[in-house]
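One-letter residues, chain by chain:
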Amino acid sequence: METTKITIWKLDPSHSELTFKVKHLMISNVKGEFQTFDGQIVSQGNDFDRAKITATVDANSVYTNNKDRDNHLKSGDFFDVESFNNLKFEGTGFEKLDDDNYKITGLLTIKGNTKEVSLDVDHGGLMKDPYGQEKAGFSVSGKINRKEWGLTWNAALETGGVMVSEDVRINGEFQFVKQA
């Protein structure tokens, strides 16, 4: 019986991004990003079905192009970076739906609260870069309810509704480098 070699894929941060959008005043979206994060995939060769994925995000690297808002997000009202440095994701399932699409399930920890999430994954493919490194590309998208992780701050509006939506849309563009 032939066994497939375990392959480790390390995140290439210079070709990756992790963004989020939240509805503000119930009329438009505010976009933010995390500028520092790391991740790894452990697969059976180049087959990502049932791969194991882990990721760590530096909560202090949140950036929304507004210093006051960034500082508020870093405060105890949201990420509480003084007490909780990182957001963590530990994949519990990576299911191949078809040639290009997967569903990833895992445990997301934010502010000390761990909940299961399920995200859609589009596998962009494999390619060797000009330096001979094999790369794998993935687009990840999904939605979480921030209150489930203890991010409960909000303000009621005079006209009804709330200042910040509970729903947070997550999007990631990730390249991973195959390790020798």
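See the structure printed just above.
On a predicted model such as this, the values are computed, not experimentally measured, just so you know. (Residues numbered from 1 in each chain as written. Predicted model: local features only at pLDDT ≥ 70, side-chain atom pairs only at ≥ 80, totals over all residues. Heavy atoms only, no water.)

Draft legend 1. View of the pairing of strand E5 (residues 47-58). The sheet contact formed by strand E4 (residues 37-44) and E5 spans 7 bridges and is antiparallel. By the bridge assignment for E5, Gln40 is matched with Thr54. The antiparallel hairpin formed by E4 and E5 contains 2 residues in its connecting segment, where Gly45 sits at a positive phi of about 60°. Where E5 lies against strand E7 (residues 86-96), 5 bridges are found, and the strand directions are antiparallel. Across the sheet, residue Ala55 finds its bridge partner in E7, namely Phe89. (Pairing = 2+ DSSP bridges. Helix = DSSP H or I, 4+ residues; strand = E, 2+ residues; numbered from the N terminus.)

Draft legend 2. Structural detail: the nonpolar core. Membership of the largest hydrophobic core comes to 37 residues, with the highest contact counts inside it found for Phe34, Ile41, Phe48, Phe79, Phe94, Phe138 and Ile144. Setting aside residues no more than four positions away along its own chain, Ile144 makes contact with Leu108, Ile110, Val117, Trp149, Glu166, Asp167, Val168 and Ile170. (Core = buried A, V, L, I, M, F, W, Y, C linked by side-chain atoms within 4.5 Å. Buried < 20%, exposed > 50% of the residue type's maximum accessible area, 1.4 Å probe, protein only. Contact = heavy atoms within 4.5 Å.)

Draft legend 3. Structural context of the packing of aromatic side chains. Counted by the stated rule, this structure contains 8 aromatic pairs. With centroids separated by 4.7 Å and ring planes inclined at 10°, the aromatic side chains of Phe94 and Tyr102 adopt a geometry described as stacked. Tyr102 carries the same exposure label as Phe94, and that label is buried. Look at Phe94 and Phe138: their rings are 6.3 Å apart centre to centre, the planes differ by 70°, and that puts the pair in the edge-to-face class. Of this pair, Phe94 sits in strand E7 while Phe138 is found in strand E10 (residues 134-145), placing the two residues 44 residues apart along the sequence. The same class applies to Phe94 as to Phe138, namely buried. (Phe/Tyr/Trp six-rings, centres within 6.5 Å; stacked < 30°, edge-to-face > 60°.)

Draft legend 4. Quick look at the pattern of salt bridges. This model, assessed by the stated rule, comprises 6 salt bridges. With its nearest N and O atoms 3.4 Å apart, the salt bridge here joins Lys178 to Glu134. Of this pair, Lys178 sits in strand E11 (residues 164-178) while Glu134 is found in strand E10, placing the two residues 44 residues apart along the sequence. For Lys178, a relative accessible area of 28% translates into the label partly exposed. On the accessibility criterion, Glu134 (18% relative accessible area) is buried. Note that Lys143 and Asp167 form a salt bridge whose closest N and O atoms lie 4.0 Å from each other. Here Lys143 is found in strand E10, whereas its partner Asp167 is found in strand E11, with 24 residues between them in sequence. Residue class for Lys143 comes out partly exposed when judged on its relative accessible area of 44%. Since its relative accessible area comes to 34%, Asp167 is described here as partly exposed. It is possible to trace a salt-bridge network through shared partners that takes in Asp12, Asp129 and Lys135. (Salt bridge = Lys/Arg side-chain N within 4 Å of Asp/Glu carboxyl O.)

Geometric values such as these leave the question of function open.
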